[in-house]
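# Descriptive structure summary
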Amino acid sequence: MTSPSGRTLVVGIGNPWRGDDRVGLEIAAAMRALDLDGVDVLCVADDLLEMLDVWHGYAQVVLVDAVKSDSPAGTVHRIELSAGAWPVGVDASVSTHAVPLTTAIELAHRLGRLPRRLVLIGVEAESITTGQGLSPAVHASMPTAVADVRALCSVRQGT
Amino acid sequence: MTERRSIRVERLARVEGEGALELVLSARGVEDVKLSIFEPPRFFEALLRGRRYDEAPDITARICGICPVAYQMSAVQAIEAALGVRVEAPVRALRRLMYCGEWLQSHALHVHMLHAPDFRGVHDVIELAAIDHEFVERGLRLKKAGNAILAVLGGRAIHPINVRVGGFHRAPDAAQLDALRGPLEAALADAIATVDAVAGFDFPDFDVDCEFVALRHPTEYPLNDGRIVSTRGIDVPVHEHAAWFAERQVPHSTALHAAVRDAGSYQVGPSARFSLNADRLTPEAAAAARRAGLEPPVTNPFRSIVVRAVEMVFACEEALAILATRPSPTRPAAPVLPHPGVGHAATEAPRGILHHTYAIDADGLIRSARIVPPTAQNQPRIEDDLRAFVTARLDQPDEALRKGCEQAVRNYDPCISCATHFLDVRILRR
């Protein structure tokens, strides 16, 4: 990889020790295994401010994280964040991240550090209590979520 | 004022962890101040019992995502003291370099993102970025420089995994160390600019007379070791810590409260370190402190933000000085042979002294562990500050008092998760 320009970055976000919060990391691992041309994959467990640097120069960034809204567990949400705005009713700060994802993205927006296209694939969490395993509903949603990320990656980004 | 009133902050923002603050005010003055820490205790000291001595650095690192290096350093040094392990000078230098990285990360976050919004009259860092883009960008750059050090020495920027009893699992090579110099030179200029910026903030008119406690080393600004000293005459080796400082339980907090035996609350952290060690600062840090008008002792707790900025200058200079010597250990770690022993260590975490004690048995298993984190030590001091701060401002409306109290708590950059052992502010007027 010479320049990220024109490439897509997939960022899996989550705490591997907090139940469904690890789903973002699991989806990122699945994307890494696919080894798609033009796609880089990264996992962030703690310091979400780090994203403001690592996504610099990418045409498109796909964030994958657990979210909480009123939908059934395992629902896969696709949320366009390029405007730096959050839809009402979705709380992406349910996890244990020290700086919530919402703060990191709003700050990036204020500082002019948002990538041209930023999309969140959010998987509705059932439980983020201490423990390693995904809930059955979230586990069952993995193929849909991976397919959604993959579909986003297949759209060629202009440079 | 005739009515009793209460001021509450149900959940304090811009601190690490979960806590609340409640003040009860009446015609007689401030009746009660409670800094409640309701984050559940995590029983780390108990779960260390029966584990192998070499597991302590990685287990205790998990106490805090902001200062894992401090936990690792206090843990390895206490165990090395128990087992009579001597580390070679380049290993010590690399540990000190790593600690500089953590100070940069932690102070950059607190100064630019958590505390500065109070002084600039904005709600949070997002609003701050709208009025002072460069200040926030500078904070991100400084934090990134700290991350870079941690990535080289610790194996990754958060929750480092390369520290072990006796040294490191793997020592960095010269090329990795050399690559840190450019970013740190830029960070030094950024840190100096931040000292100059925060020195111009408006500080509330407030001074306290308290005992400062910090480490003191014969030649260095304190990081990894030194004697425990205070502004009221304590000067003891770290293994005498328990003889001089006591911890007690209070009903409103899952964190223990610490006090100087037969005396009272005391303060650890940047203002304490500077007040006791200003003569040990590196040249640019000392010059920046002078320009900022800082003199020991720092009696206005609100000026701690300036001290943190000065300590960022120190961390950059110290890191660059260490890098110039290109520390190259003959082996990454000294050999360790477990045997029964008791060891103590204290290091200067970003928020102040972090004291660890371990007793190890013949099989190398930990028989007992005692961890005294900085926020548990500062908690009674924070309550004392709040009582004095509010007493002088009883005529102010609740909202102004609530804001002032939250800012006063943030003077200490409390890490409630570490202390769980934090924050909601309540003011009750009766």
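This structure is a prediction, so every number in the text was calculated from the model and none was measured.

## Here we look at the confidence of the model for chain A
Put simply, chain A has an average pLDDT of 84, and 85% of its residues get 70 or more. Segment residues 93-97 of chain A is flagged for pLDDT under 50; beyond a separation of four residues in sequence, or across chains, it makes 19 contacts in the model.

## As for the side chain of Asp40(A)
Positionally, Asp40(A) belongs in strand β2 (residues 39-44). Polar contacts involving the side chain of Asp40(A) include one to the side chain of Tyr58(A), which spans 2.7 Å.

## Looking at the environment of Ile371(B)
Mapping Ile371(B) onto the fold places it in strand β14 (residues 366-372). The residues contacting Ile371(B), other than those within four sequence positions of it, are Glu45(B), Leu48(B), Thr60(B), Ile63(B), Tyr71(B), Leu354(B), His355(B) and His356(B).

## Considering the packing of helix α8 (residues 181-199) of chain B against helix α12 (residues 304-324) of chain B
Residue and element names in this part refer to chain B. Relative orientation of the contacting elements α8 and α12 amounts to 160 degrees, with a least axis distance of 8 Å. Viewed along their axes, α8 and α12 adopt a mutual orientation that is roughly antiparallel. Handedness of the α8/α12 crossing: left-handed. Facing α8, whose interface residues are Arg 181, Leu 184, Glu 185, Ala 187, Leu 188, Ala 191, Ile 192, Thr 194, Val 195, Val 198 and Ala 199, α12 presents Ile 305, Val 306, Ala 309, Val 310, Met 312, Val 313, Cys 316, Glu 317, Ala 319, Leu 320, Leu 323 and Ala 324.

## Concerning the sheet that holds strand β11 (residues 266-267) of chain B
All names here are of chain B. Strand order in this open sheet of 4 strands is β8-β7-β6-β11, and the pairing throughout is mixed. In this open sheet, the two strands that pair with only one neighbour each are β8 (235-236) and β11. Pairing geometry for strand β7 (residues 227-230) and β8, over 2 bridges, is antiparallel. Bridge pairing in β8 places Val 229 opposite Asp 235. Across the sheet, helix α10 (residues 270-277) is in contact with β6 (211-216), β7 and β11; its angle to β6 comes to roughly 70 degrees.

## Overview of the sheet that holds strand β13 (residues 352-360) of chain B
All names here are of chain B. The strand order β12-β13-β14 describes an open sheet built from 3 strands, whose pairing is antiparallel. Sheet topology places β12 (341-349) and β14 at the edges, where each strand pairs with a single neighbour. The mean angle between the axes of side-by-side strands here comes to 10 degrees, regardless of whether they run parallel or antiparallel. As paired strands, β12 and β13 are joined by 9 bridges and run antiparallel to one another. Within the sheet, the bridge partner assigned to His 344 lies in β13 and is Thr 357. Of the strands in this sheet, β12, β13 and β14 are in contact with helix α3 (residues 68-83), which crosses β12 at around 150 degrees.

## Some thoughts on the pattern of salt bridges
Residues and elements named next belong to chain A. Using the criterion set out here, one finds 38 salt bridges over all chains in the structure. As a salt-bridge pair, Arg 78 and Glu 80 come within 3.8 Å of each other at their nearest N and O atoms. The exposure class assigned to Glu 80 is partly exposed, which follows from its relative accessible area of 41%.

## A word on the confidence of the model for chain B
The share of residues in chain B with pLDDT of 70 or more is 93%, and the mean pLDDT across the chain is 90. In the predicted complex, the global pTM is 0.90; the interface-specific ipTM is 0.79.

## With respect to the interface of chain B and chain A
The partner chain A presents 12 residues to the 17 residues of chain B that form the contact. Counting each side, the surface lost to burial between chain B and chain A is near 1300 Å², with a carbon and sulfur contribution of 64%. Remark: the boundary between chain B and chain A carries 2 salt bridges. For the pair chain B and chain A, the interface holds 3 residue pairs in polar contact (both at pLDDT 80 or more). At the level of elements, α4 (89-120), α5 (125-131) and α6 (133-154) of chain B are the ones that each hand at least two residues to the side of chain B that touches chain A. In terms of residue class, the side of chain B that touches chain A is made up of 9 nonpolar, 3 polar and 5 charged.

## Topic: the packing of aromatic side chains
All names here are of chain B. Scanning all chains against the criterion turns up 10 aromatic pairs over all chains. On the numbers, 6.3 Å between centres and 90 degrees between planes, the contact of Trp 103 with Tyr 221 is edge-to-face. In this pair, Trp 103 is assigned in helix α4 and Tyr 221 in the loop between β6 and β7, connecting sequence segments 118 residues apart. Like Tyr 221, Trp 103 is buried. Between the aromatic rings of Phe 119 and Phe 203, the centroid separation amounts to 5.6 Å while the plane-to-plane angle is 65 degrees, which identifies the pairing as edge-to-face.

What counts and what doesn't
- Residues numbered from 1 in each chain as written.
- Chains lettered and ligands numbered in written order.
- Predicted model: local features only at pLDDT ≥ 70, side-chain atom pairs only at ≥ 80, totals over all residues.
- Heavy atoms only, no water.
- pLDDT = per-residue confidence, 0-100.
- Contact = heavy atoms within 4.5 Å.
- Helix = DSSP H or I, 4+ residues; strand = E, 2+ residues; numbered from the N terminus.
- Polar contact = N/O pair within 3.5 Å; in protein donor to acceptor, adjacent residues only side chain to side chain.
- Axes fitted to C-alpha atoms, helices over the stretch in contact; angles between N-to-C directions.
- Parallel < 35°, antiparallel > 145°, perpendicular 65-115°, else oblique.
- Left-handed = near helix turned anticlockwise from the far one by under 90°.
- Pairing = 2+ DSSP bridges.
- Salt bridge = Lys/Arg side-chain N within 4 Å of Asp/Glu carboxyl O.
- Buried < 20%, exposed > 50% of the residue type's maximum accessible area, 1.4 Å probe, protein only.
- Buried area = accessible area lost by both parts, 1.4 Å probe.
- Nonpolar A, V, L, I, M, F, W, Y, C, P; charged D, E, K, R; others polar.
- Phe/Tyr/Trp six-rings, centres within 6.5 Å; stacked < 30°, edge-to-face > 60°.

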